Amino acid sequence: MEKLIFVYNTDGSFLSRLKAWSQAAFSPQNHPCKLYALTHGLLGQDAQWKAFVSSLPYQSRFMHRDGFVRKYGTTEAPSVYVIHKGQLKPLIPREELQPCNSTEELQGVIIKKLLT
């Protein structure tokens, strides 16, 4: 595995990013992207989440839905993909991210998938 790609179910325009941030900070339960809502707060990306991602033995990239579609032509967001031997492959689909209610649960799902 060469790289993990975390795809948010939000677009990357300034207004979309501002809306995503405000929803994550003030109303995370109503956020359209569970991945973003769990990993971001009032001050941006959660420090615990940043430390977790940095501790993984893989390069990680975070992309908004529209940028991912432009680069790879497809997406199911939120989700986590891997680049393995130059090929894009799904690692964690939306259905497995949605039940997570904390960054700890999300981290557990990621670790489980990486170990299998």
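All values reported here derive from a predicted model rather than from experimental measurement. (Residues numbered from 1 in each chain as written. Predicted model: local features only at pLDDT ≥ 70, side-chain atom pairs only at ≥ 80, totals over all residues. Heavy atoms only, no water.)

Visitor: Could you give me a rundown of the pairing of strand E1 (residues 3-8), with the residues and numbers involved?
Guide: Of all six residues in E1, five are buried; the element is thus mostly enclosed. Pairing of E1 with strand E4 (residues 59-64) involves six bridges; the strand directions are parallel. Within E4, the residue paired with Val7 across the bridge is Met63. (Buried < 20%, exposed > 50% of the residue type's maximum accessible area, 1.4 Å probe, protein only. Helix = DSSP H or I, 4+ residues; strand = E, 2+ residues; numbered from the N terminus. Pairing = 2+ DSSP bridges.)

Visitor: Outline the pattern of salt bridges, supporting the account with residue identities and numerical values.
Guide: In this structure the tally under the stated criterion is three salt bridges. For Asp66, the salt bridge goes to Arg70, with nearest N and O atoms at 3.8 Å. Here the residue Asp66 and the residue Arg70 both occupy positions in helix H4 (residues 65-72), the gap between them amounting to four residues, near one helical turn. Judged by relative accessible area, which is 23%, Asp66 ranks as partly exposed. Given the relative accessible area of 66%, Arg70 is considered exposed. (Salt bridge = Lys/Arg side-chain N within 4 Å of Asp/Glu carboxyl O.)

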